[in-house]
Amino acid sequence: MSDSVAEANEAGRKPCWRGRKVAFVPVEVDDAELLQEWRSDPATAHAMGIWPRSLTSLRERIERYHDDQDRDDFVVVLPDGTPVGHVALTEQDVADGTAEVELMLAPQHRGRGYGTDAVDALTDLAFGELPMYRLQAVTHTDNAAALAVLVRSGFVQEGIRRSACLHRGRRHDVAVLSPLRPEWEALARPKPWDR
């Protein structure tokens, strides 16, 4: 666990939303080092089509996010406070009822169901507490792990944006997936308020 998250847990940093296995705490500027570490992982950078930027740049971006009413960023934590990832609801448009979902898991915590639980919890937040009608997620078509998480969470592939991403000197197709509120309502899984 990073020092900043350990200190935050000791200071009583409380989860604001819970899934089955994970909980969310709002991202703070002191989480920048942890997020930078995850973003610097080569597999993460390739899967997400990102490259690591300076720690100072990331801290400034997090500060800007705090003033942005169109996004909510969270550190995904286990019940003991161990951080396992970052999840965000971005591009929120309350008038249209739309938003975009982002997920990044720490390499050592992949393959344990935390990603699916985090996306389920974020979807429940968007549809259960916010007036969203449609969510969207975009990922490389060769990102099998992300595609599997999204499908398990009720996202439906809408289409492919051909050659929409340039990463490592190659063009990549990206898949666009979404759930609509009625599809989420029809899911047979319990919601956080039902547990």
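Residues numbered from 1 in each chain as written. Predicted model: local features only at pLDDT ≥ 70, side-chain atom pairs only at ≥ 80, totals over all residues. Heavy atoms only, no water.

Digging into the overall build of the chain
Counted only if it meets this: Secondary structure counts use DSSP, requiring at least four H or I residues in a row for a helix and at least two E residues in a row for a strand, with both numbered from the N terminus. Here the globule rule is a power law, 2.2 Å times the number of residues to the power 0.38, and the radius of gyration is based on C-alpha atoms. For the exposure calls, accessible area comes from a 1.4 Å probe over protein chains only, and a residue counts as buried if that area is under 20% of its type's maximum, exposed if over 50%, partly exposed in between. Should any heavy atoms of two residues lie within 4.5 Å, those residues are considered in contact. Accessible surface area values rest on a Shrake-Rupley calculation with a 1.4 Å probe, where residue burial reflects the displayed protein chains alone. Residues scored as charged are limited to Lys and Arg (positive) and Asp and Glu (negative), so that His and the chain ends carry no count. In this description, the location of a charge corresponds to atom NZ of lysine, CZ of arginine, CG of aspartate or CD of glutamate.
When helices and strands are tallied, the chain shows seven helices and eight strands. Compactness check: the chain gives a C-alpha radius of gyration of 16 Å against a globular reference of 16 Å for 195 residues, within 12% of the reference. Classification of the 195 residues of the chain by burial places 48% in the buried group. In the chain, 60% of the contacts between residues at least 6 apart in sequence involve partners at least 24 apart. Carbon and sulfur atoms make up 50% of the accessible area of the chain, which amounts to about 9900 Å² in all. Taking the 24 positively charged and 32 negatively charged side chains of the chain as two groups, their mean positions are separated by 6 Å.

A closer look at the layout of surface pockets
This is how the line gets drawn: Throughout, the protein atoms alone are placed on a 1 Å grid, and a set of points is a cavity if a 1.4 Å probe fits but cannot get out or a pocket if it is open with protein on both sides within 12 Å along at least five of seven lines; lining residues have an atom within 4 Å of a point. Grid points are joined across faces, edges and corners, and a volume is the space filled by probe spheres set on the points. Only Asp, Glu, Lys and Arg are considered charged, only Ala, Val, Leu, Ile, Met, Phe, Trp, Tyr, Cys and Pro nonpolar, and every remaining residue, Gly among them, polar.
In this structure, the largest pocket occupies an estimated 1200 Å³ of space. In terms of lining residues, the largest pocket is bounded by 49 residues, among which Ala47, Met48, Glu102, Leu103 and Met104 are the most central. Of the residues forming the lining of the largest pocket, the biggest block, six residues, is contributed by strand β5 (residues 98-105). Its boundaries defined by the atoms lining it, the second largest pocket holds a volume of some 180 Å³. What lines the second largest pocket is simply Pro26, Val27, Glu28, Ile62, Tyr65, His66, Asp68, Gln69, Arg71, Asp72, Asp73 and Phe74. For the lining of the second largest pocket, a count of residues per class yields five nonpolar, two polar and five charged.

A look at helix α2 (residues 32-39)
Burial runs high along α2: six of the eight residues are buried. Within α2, burial applies to Ala32, Leu34, Leu35, Gln36, Trp38 and Arg39.

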